[in-house]
Amino acid sequence: MRMLSFGLALAFLAGAPFVLPDYYIVVLNYVGLASLTVIGLVLLTGSAGITSFGQAAFVGIGAYATGYVTSKLGYSPFLGLLAGAAITAAAAFMIGAATLRLSGHYLALSTIAWGISLFFVFGNLDMLGGHTGMSGIPPVKIGGVNFEKTGTMFWLTGALVLLAFVATNNILNSRVGRALRALKSNPLTAESFGVDTTKAKISIFVYAALLSSVSGWLYAHFARFV
């Protein structure tokens with residue numbers, strides 16, 4: 001059944017741009033962008049019990065990083081992807097180390113706080129266009145394929161969503177995934193069985209942030225504006 005569902009998903013990805021109007025493909029592209037962030041939230045909140053309301057900030061880091069690298073410096077979108085991932089990982093590690101020791105509504109409030117603070121940072125940096133934003137972001141190109149059109153971007157987005165889904169599913173079915181579920185239900189019991197709860201929380205927080213960063217990267221090169 002699982003393989004059948006995966007096969008149907010692949011068939012839909014391959015054929016949708018040929019049979020659906022462009023409007024629906026655009027909407028499905030945005031669904032795919034949101035799905036990347038939501039997959040990370042499934043791990044954070046659904047499995048590990050970590051409430052985060054600031055994941056949009058990591059989407060912004062990925063989008064602004066690739067926007068600056070490509071439109072301002074003239075480098076490849078894939079260098080922008082690497083830059084966004086590196087900055088996101090560093091930011092998520094520092095934020096996670098500082099806030100994930102909290103719990104309950106204190107943790108939720110702290111994620112709202114740093115999410116809002118990064119929003120104001122983006123809006124007040126002239127190098128990032130301030131509140132006006134950044135334009136002139138080029139499309140993604142792989143070999144001779146230009147992902148400027150809606151249909152080709154849909155394939156790229158869908159492929160990355162499926163890759164994130166498979167990777168996250170493997171994590172959930174691994175020893176790390178079992179540790180995360182134990183972490184949600186009873187952290188003290190998890191620690192008594194040798195789970196480093198602080199390390200586990202930070203690791204999964206960084207992973208979820210990286211998925212959001214990839215979503216931001218795709219958004220920037222799909223909308224061509226941040």
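The preceding data block contains the structure.
The structure displayed is predicted, hence computed values, not measured ones.

Mapped onto the fold, alanine 34 is located in helix α2 (residues 22–47). On the accessibility criterion, alanine 34 (40% relative accessible area) is partly exposed. Sequence separation between alanine 34 and isoleucine 204 is 170 residues; the distance between their C-alpha atoms is 18 Å.

A few words now on the pattern of salt bridges. Counted under the stated rule, the structure contains one salt bridge. Across the pair arginine 224 and glutamate 148 runs a salt bridge, and its minimum N-O distance is 3.3 Å. On the criterion of sequence distance, the pair formed by arginine 224 in the segment after α9 (197–223) and glutamate 148 in the loop between β2 (145–146) and α6 (150–172) is long-range, its members being 76 residues apart. With relative accessibility at 29%, the residue arginine 224 sits in the partly exposed group.

A separate point is the packing of aromatic side chains. Applying the stated criterion to the full structure yields 10 aromatic pairs. Between tyrosine 30 and phenylalanine 222, the aromatic rings sit 5.3 Å apart at their centres with planes inclined by 70 degrees, giving edge-to-face as the arrangement. With tyrosine 30 in helix α2 and phenylalanine 222 in helix α9, the pair connects residues that are 192 residues apart, well separated along the chain. Assessed through its relative accessible area of 37%, tyrosine 30 is described here as partly exposed. Since its relative accessible area comes to 18%, phenylalanine 222 is described here as buried. Relative to phenylalanine 120, the ring of phenylalanine 119 has its centre 5.3 Å away and its plane inclined at 75 degrees; by these criteria the two rings are edge-to-face. Look at phenylalanine 119 and you get exposed, because its relative accessible area is 51%.

Here we take up a nonpolar patch on the surface. Together, Phe12, Phe18, Val19, Leu20, Tyr23, Tyr24, Val27, Val31 and Trp155 give the surface a local cluster of nonpolar side chains, amounting to about 950 Å² of exposed area. Listing elements by their share of the nonpolar patch, those giving two or more residues are α1 (2–19) and α2. A per-element tally of the nonpolar patch places α2 first, with four residues. On the secondary structure map, valine 19 appears in helix α1. Taking relative accessible area as the criterion, valine 19 reaches 65% and is therefore assigned exposed.

By size, the foremost hydrophobic cluster in this structure holds 45 residues, and its most contacted members are Ile50, Phe58, Trp114, Leu118, Ile204, Phe205 and Leu218. Taken together, the elements giving at least two residues each to this core come down to α2, α3 (55–72), α4 (77–99), α5 (104–123), α6, α7 (175–185) and α9. With residues up to four places along the chain from it excluded, the contact list for phenylalanine 58 reads Thr88, Ala92, Ile95, Trp114, Phe205, Ala209, Ser212 and Ser213. Of all hydrophobic cores here, the second largest spans five residues; its members include Leu13, Ala16, Phe154 and Leu162.

About the thresholds
- Residues numbered from 1 in each chain as written.
- Predicted model: local features only at pLDDT ≥ 70, side-chain atom pairs only at ≥ 80, totals over all residues.
- Heavy atoms only, no water.
- Helix = DSSP H or I, 4+ residues; strand = E, 2+ residues; numbered from the N terminus.
- Buried < 20%, exposed > 50% of the residue type's maximum accessible area, 1.4 Å probe, protein only.
- Salt bridge = Lys/Arg side-chain N within 4 Å of Asp/Glu carboxyl O.
- Phe/Tyr/Trp six-rings, centres within 6.5 Å; stacked < 30°, edge-to-face > 60°.
- Patch = residues over 30% accessible without salt bridge, like charges linked within 9 Å, V, L, I, M, F, W, Y side chains within 5 Å.
- Areas by Shrake-Rupley, 256 points an atom, 1.4 Å probe, with all protein chains shown as cover.
- Core = buried A, V, L, I, M, F, W, Y, C linked by side-chain atoms within 4.5 Å.
- Contact = heavy atoms within 4.5 Å.

From the geometry alone we can't say anything about function, so treat these as descriptive.
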